[in-house]
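# Understanding the architecture of this molecule
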Amino acid sequence: MIESPPSVPDPRLSAGAARLAPRYDGAFAPEAVQRLLDDSYRLLAEGAAVRTHLIVLAERLADERLDALAHAQGRSTVPVPRVLFVCTGNAGRSQLAAAILTHLAQGRVHVTSAGTDPANDLDLHIAEVLREVGVELPRDLFPKPLTEEVVAAADVVVTMGCGDACPLPAGRRYLDWPVPDPDGAPIERVRAIRDQIGSRVEALLAELTDQPK
């Protein structure tokens, strides 16, 4: 049975806001945290086929958006470049790129990913082909919608197959990688896509950290 979306405000969302607010004390008022959490829930609920875990996912999405907003407003002092990977569903290419860069960068780059039309789950074989090269995906990973906060916070935005659906604010560096979509592809093809993305990620990391590939 599909869970009905809770009304907003909802006690469970309020509890999530209470957990998030101390992390951003001095940056955002508790009311602002609550509003962004409510909005994150709405974004996820709009396209969700199953709403069982939306409260938890909304809190994680709100945390990412608050972190990005704090950075964009100069309230974060983390001195590393921020890279955002975007594809249509945030289920294949952008997840591969984000996982590989996170693995290789070891904290030297802040990495996020999102989709212009998020899927309900990751594409088949994504976790498997990453595991083959020693990259583990977080077990609680999920496709996320693209939000203006994460775009504004990024130093580099890498798009893959989402065309003009990605917003283009001034002051950001944009790269478009013409990489095939792994959705529905056999695992051999997904491995090839992984390797193609991996080579591009290695080159980007070398450039961002001023190190040879």
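Everything below is about the structure printed above this text.
Here we summarise the structure given alongside this text.

### What to know about the pairing of strand β3 (residues 156–160)
Judged by how many residues are buried, β3 sits mostly within the fold: 5 of 5 residues are covered. Every second residue of β3 is oriented toward a common face, with V156, V158 and M160 on one face and V157 and T159 on the other, all of them buried. Pairing of strand β1 (residues 82–87) with β3 involves 5 bridges; the strand directions are parallel. Following the sheet pairing, V83 is matched in β3 by V156. Alignment of β3 against strand β4 (residues 173–176), held across 4 bridges, turns out to be parallel. Within β4, the position partnered with T159 by the bridge is D176.

### Description of the nonpolar core
With 30 residues, the main nonpolar core has F85, L101, W177 and I197 as its most contacted residues. Of all the secondary-structure elements, those providing two or more residues to this core are β1, α4 (93–105), α5 (126–132), β3 and α7 (187–209). Apart from the residues within four sequence positions on either side, I197 is in contact with R93, L96, A97, I100, M160, W177 and V179. L13, Y24, L37 and A58 belong to the second largest nonpolar core, which has 21 residues in total.

### Things to note about α4
The first and last C-alpha atoms of α4 sit 18 Å apart over 13 residues, in line with the 18 Å expected at 1.5 Å per residue. In terms of burial, α4 is largely enclosed, as 10 of its 13 residues are buried. Listed as buried for α4 are R93, S94, Q95, L96, A97, A98, A99, I100, L101 and A105. Buried residues belonging to α4 abut β1, β2 (110–115), α5, β3 and α7.

### Examining the sheet that holds β2
Spatial strand order, β2-β1-β3-β4: 4 strands in an open sheet with parallel pairing. What marks the edges here is a single partner per strand, and that holds for β2 and β4. Along the sheet, successive strands turn relative to each other by an average axial angle of 20°, direction set aside. Contacts from α4 reach β1, β2 and β3 within the one sheet, and its direction differs from that of β1 by about 155°.

### Thoughts on the packing of helix α2 (residues 30–47) against helix α3 (residues 54–72)
Between α2 and α3, whose axes approach to 8 Å, the crossing angle comes to 125°. Taken together, the axes of α2 and α3 are oblique relative to one another. Crossing handedness for the pair α2 and α3: right-handed. In contact with V33, L36, L37, D39, S40, Y41, L43, L44 and A45 of α2, α3 contributes L54, I55, L57, A58, E59, L61, A62, R65 and L66.

Cut-off values and rules
Residues numbered from 1 in each chain as written. Predicted model: local features only at pLDDT ≥ 70, side-chain atom pairs only at ≥ 80, totals over all residues. Heavy atoms only, no water. Buried < 20%, exposed > 50% of the residue type's maximum accessible area, 1.4 Å probe, protein only. Helix = DSSP H or I, 4+ residues; strand = E, 2+ residues; numbered from the N terminus. Pairing = 2+ DSSP bridges. Core = buried A, V, L, I, M, F, W, Y, C linked by side-chain atoms within 4.5 Å. Contact = heavy atoms within 4.5 Å. Expected span 1.5 Å × (residues − 1). Axes fitted to C-alpha atoms, helices over the stretch in contact; angles between N-to-C directions. Parallel < 35°, antiparallel > 145°, perpendicular 65-115°, else oblique. Left-handed = near helix turned anticlockwise from the far one by under 90°.

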